[in-house]
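Fold and contact review
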Amino acid sequence: MQFEWDADKAALNKAIAAAETYYNSIRDDYVDIAATLKTAIDTAKKVAWNDNTTESAVADAITALNGAVDTAKAEAKKADDEAAAKKVVDLINALPANAGVGDKEAVEAARAAYDALTADQTLVDKAVPNKLATAEAQVQAAEEEAAKKS
């Protein structure tokens, strides 16, 4: 005997499989995010394994699981964006307070990294771009001074 919600359980099982695939791809790098997703997967599995579940419960489980996957993806992207921005901040903050000609390569690398940031990888500390601009101006001034002496 096949019930009307058996087809929906197939869709739920497909959603579970997709969520598990994504979970396996993030569980080592995003432990907390993955743990939350794992809870949603386990909850969906309980619905899928319940022989007395309703069509509505199956639909709700699919919706909740898909929402958990979407949330996990958004949180992982946010973590990646924050990590990328932090690398740039660290690079800029490592520049010397009084940059000179010898620091030109480091300043140019910091500028390239800063310019490569996407709109989602915004810097929280707005003083950081100012520090980069100051270092660039210091290098330019040092180069101009060195050119005058030669």
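Residues numbered from 1 in each chain as written. Predicted model: local features only at pLDDT ≥ 70, side-chain atom pairs only at ≥ 80, totals over all residues. Heavy atoms only, no water.

Structural notes on the packing of helix H2 (residues 31–49) against helix H3 (residues 55–93)
One can describe the packing of H2 onto H3 by two numbers: an axis separation of 9 Å at closest approach and a directional angle of 170 degrees. If you check the angle between H2 and H3, you find them roughly antiparallel. Of H3, the residues touching H2 (which contributes Ile33, Leu37, Ala40, Ile41, Ala44 and Val47) are Ala57, Val58, Ala61, Leu65, Ala68, Val69, Ala72, Glu75 and Ala76. Tallied by class, residues from the contact of H2 with H3 come to 14 nonpolar, no polar and one charged. (Axes fitted to C-alpha atoms, helices over the stretch in contact; angles between N-to-C directions. Helix = DSSP H or I, 4+ residues; strand = E, 2+ residues; numbered from the N terminus. Parallel < 35°, antiparallel > 145°, perpendicular 65-115°, else oblique. Contact = heavy atoms within 4.5 Å. Nonpolar A, V, L, I, M, F, W, Y, C, P; charged D, E, K, R; others polar.)

Focus: the packing of aromatic side chains
The tally for this structure, following the rule as stated, stands at zero aromatic pairs. Positioned above the aromatic ring of Tyr23 is the side chain of Lys38, whose terminal nitrogen or guanidinium carbon lies 5.9 Å from the ring centre. We note Lys73 situated over the ring of Tyr22; from NZ or CZ to the ring centre the distance is 5.4 Å. (Phe/Tyr/Trp six-rings, centres within 6.5 Å; stacked < 30°, edge-to-face > 60°. Lys NZ or Arg CZ within 6 Å of the ring centre and 35° of its normal.)

Looking at H2
The first and last C-alpha atoms of H2 sit 26 Å apart over 19 residues, in line with the 27 Å expected at 1.5 Å per residue. For H2, the full list of buried residues reads Ile33, Ala34, Leu37, Ala40, Ile41, Ala44, Lys45, Val47 and Ala48. An end-on view of H2 places all buried positions within 155 degrees of arc, on one side of the element. Those residues of H2 that are exposed and angled more than 90 degrees off the buried face are Val31, Asp32, Thr36, Lys46 and Trp49. (Expected span 1.5 Å × (residues − 1). Buried < 20%, exposed > 50% of the residue type's maximum accessible area, 1.4 Å probe, protein only. Arc of directions from axis to C-beta.)

Examining the side chain of Lys45
By the secondary structure assignment, Lys45 is in helix H2. Taking the relative accessible area as the measure of exposure, Lys45 reaches 18% and is therefore buried. The contacts of Lys45, once residues within four sequence positions are left out, are Ile16 and Glu20.

Regarding the confidence of the model for the protein
Per-residue confidence for the protein gives a mean pLDDT of 92, with 95% of residues at or over 70. By mean pLDDT, the top-scoring element of the protein is H2 (97), and the lowest-scoring one is helix H5 (residues 127–149) (91). (pLDDT = per-residue confidence, 0-100.)

Examining the nonpolar core
The biggest cluster of nonpolar side chains holds 24 residues, and the ones touching the most others in it are Leu12, Ile16, Tyr22, Ile26, Leu37, Ile41 and Leu65. Breaking this core down by element, the ones donating at least two residues are helix H1 (6–26), H2 and H3. Not counting the four nearest positions on each side in its chain, Tyr22 is found in contact with Leu37, Val69, Ala72, Lys73 and Ala76. Listed in part, the 14 residues of the second largest apolar core include Ile92, Ala110, Leu132 and Val139. (Core = buried A, V, L, I, M, F, W, Y, C linked by side-chain atoms within 4.5 Å.)

Describing the environment of Asp103
Relative to the helices and strands, Asp103 is located in the loop between H3 and helix H4 (104–116). Judged by relative accessible area, Asp103 falls into the partly exposed class, the value being 22%. Residues Asp103 and Gln138 lie 35 residues apart in sequence; the distance between their C-alpha atoms is 9.5 Å. With residues up to four places along the chain from it excluded, the contact list for Asp103 reads Pro96, Asn98 and Val139.

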